[in-house]
Amino acid sequence: MLETRRARPGRLVVAAAVLDRLPNAAQTDADHASTAFSPATAPQSAATPAPRPTQAAPRTLLCAARAYPAEHAGQYEFPGGKVEPGETPKAALVRELEEELSMRVRLGAEILPSPDLAVPPPTAGPDSETDTAAFPGDDRSAWPAMHGYRMRVWLAEPVGIARLGAAHATLSWVPLDKVGTLPWLPADRPILEAIRRLLAHAR
Ligand SMILES: Nc1nc2c([nH]c(=O)n2[C@H]2C[C@H](O)[C@@H](COP(=O)(O)OP(=O)(O)OP(=O)(O)O)O2)c(=O)[nH]1
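Residues numbered from 1 in each chain as written. Predicted model: local features only at pLDDT ≥ 70, side-chain atom pairs only at ≥ 80, totals over all residues. Heavy atoms only, no water.

Draft legend 1. Spotlight on the pattern of salt bridges. Under the definition given, this model contains 14 salt bridges. In this structure, the salt-bridge partner of glutamate 84 is arginine 95, at a minimum N-O distance of 3.9 Å. Placement of the pair is glutamate 84 in the loop between β4 (80-82) and α1 (89-101) and arginine 95 in helix α1, with a sequence separation of eleven residues. The salt bridge involving glutamate 110 is made with arginine 152; its shortest N-O contact spans 2.8 Å. (Salt bridge = Lys/Arg side-chain N within 4 Å of Asp/Glu carboxyl O. Helix = DSSP H or I, 4+ residues; strand = E, 2+ residues; numbered from the N terminus.)

Next up, the structure:
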């Protein structure tokens, strides 16, 4: 059994699936990223706005292999890191991407965890393992990550270029139909699959 099964509320990691460009915003609303968009079931009425011009679909994902620790060196991950006390998840993600990749990003939809894997957010109260007041905005279920962490993941597109830093051994843009062949951290596989499904619907 994967050690991700031990994920507990608290201990939040945030990460980004950095695409060459974000998919059509109309089909990946940030708060409904896990809901498959179906033109067949979309409500139709006179008030339905005209479809936006279709923008090109994303083609590549920025793939980063970890440099450390030794047990994970060479395994691929979504760039990001741990949320620090006082930070909102998105602010932590922007900070981590600047620290690790010297990169600013435009954030897109959050990739919500599938119900069978979702780890709930910490709850306030005397028995809580986490000081919820110290982690503002950690109010959503997350994916189980390695070593007992929870992880929230957003789509992103770069503003400027990414630079290889000390956290990663390699950094490369990989066509979306090839990313599955890389050796990812085991916890990231279901997230990769959710992204693949989301992007298939956004085409
Ligand atoms: N960043 C990141 N961490 C992940 C992913 N998947 C996954 O299970 N993890 C786990 C590995 C680590 O146990 C934990 C985050 O560690 P980290 O090393 O990225 O965090 P950090 O940058 O803040 O840490 P540090 O190197 O400054 O100590 O989450 C992922 O896709 N990206």
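Having seen the structure, we can now continue with the description.
Draft legend 2. The arrangement of the site of the ligand in detail. Around the ligand sit 18 residues, and of these Arg66, Phe78, Lys82, Met146 and Asp188 come closest. Here a nitrogen atom of the ligand sits 2.6 Å away from a polar atom, N or O, in the main chain of phenylalanine 78. Isolated, the ligand exposes 620 Å² of accessible area, and the fraction of that covered by the protein chains is 82%. Secondary-structure elements contributing two or more residues to the shell around the ligand are β4 and α1. Counting residues per element, the shell around the ligand draws most heavily on β4, which supplies three residues. (Near = heavy atom within 4 Å. Polar contact = N/O pair within 3.5 Å; in protein donor to acceptor, adjacent residues only side chain to side chain. Areas by Shrake-Rupley, 256 points an atom, 1.4 Å probe, with all protein chains shown as cover.)

Draft legend 3. How the structure looks around the side chain of glutamate 77. When you line up the elements, glutamate 77 lands in strand β3 (residues 76-77). Separated by 2.7 Å, the side chains of glutamate 77 and histidine 168 make a polar contact. Ignoring anything within four residues of it in the chain, the contact list for glutamate 77 reads Ala64, Arg66, Glu100, His168, Trp184, Leu185 and Asp188. (Contact = heavy atoms within 4.5 Å.)

Draft legend 4. Representation of the confidence of the model for the protein chain within the structure. Residues at a pLDDT of 70 or more form 77% of the protein chain, whose mean pLDDT is 84. Low pLDDT, under 50, characterises residues 26-46; the stretch is placed with 26 contacts to residues that sit more than four places away or in other chains. Taken over the whole predicted complex, pTM reads 0.84, whereas the ipTM for its chain interfaces reads 0.95. (pLDDT = per-residue confidence, 0-100.)

Draft legend 5. Structural view of the packing of aromatic side chains. Throughout the structure, instances matching the rule amount to two aromatic pairs. Relative to tryptophan 184, the ring of tyrosine 76 has its centre 6.1 Å away and its plane inclined at 50°; by these criteria the two rings are tilted. Taken together, the residues tyrosine 76 in strand β3 and tryptophan 184 in the loop between β8 (168-175) and α2 (189-202) connect sequence positions 108 residues apart. Per residue, the accessibility class of tyrosine 76 equals that of tryptophan 184, and both read buried. Here the aromatic rings of phenylalanine 78 and tryptophan 184 are separated by 5.0 Å at their centres, their planes lie at 35°, and the arrangement is tilted. Of this pair, phenylalanine 78 sits in the loop between β3 and β4 while tryptophan 184 sits in the loop between β8 and α2, placing them 106 residues apart in sequence. The pair phenylalanine 78 / tryptophan 184 is uniform in exposure class, with both members buried. One aromatic cluster is present, built from ring pairs that chain together Tyr76, Phe78 and Trp184. Above the face of the tyrosine 149 ring, arginine 11 is positioned so that its terminal group lies 4.3 Å from the ring centre. (Phe/Tyr/Trp six-rings, centres within 6.5 Å; stacked < 30°, edge-to-face > 60°. Buried < 20%, exposed > 50% of the residue type's maximum accessible area, 1.4 Å probe, protein only. Lys NZ or Arg CZ within 6 Å of the ring centre and 35° of its normal.)

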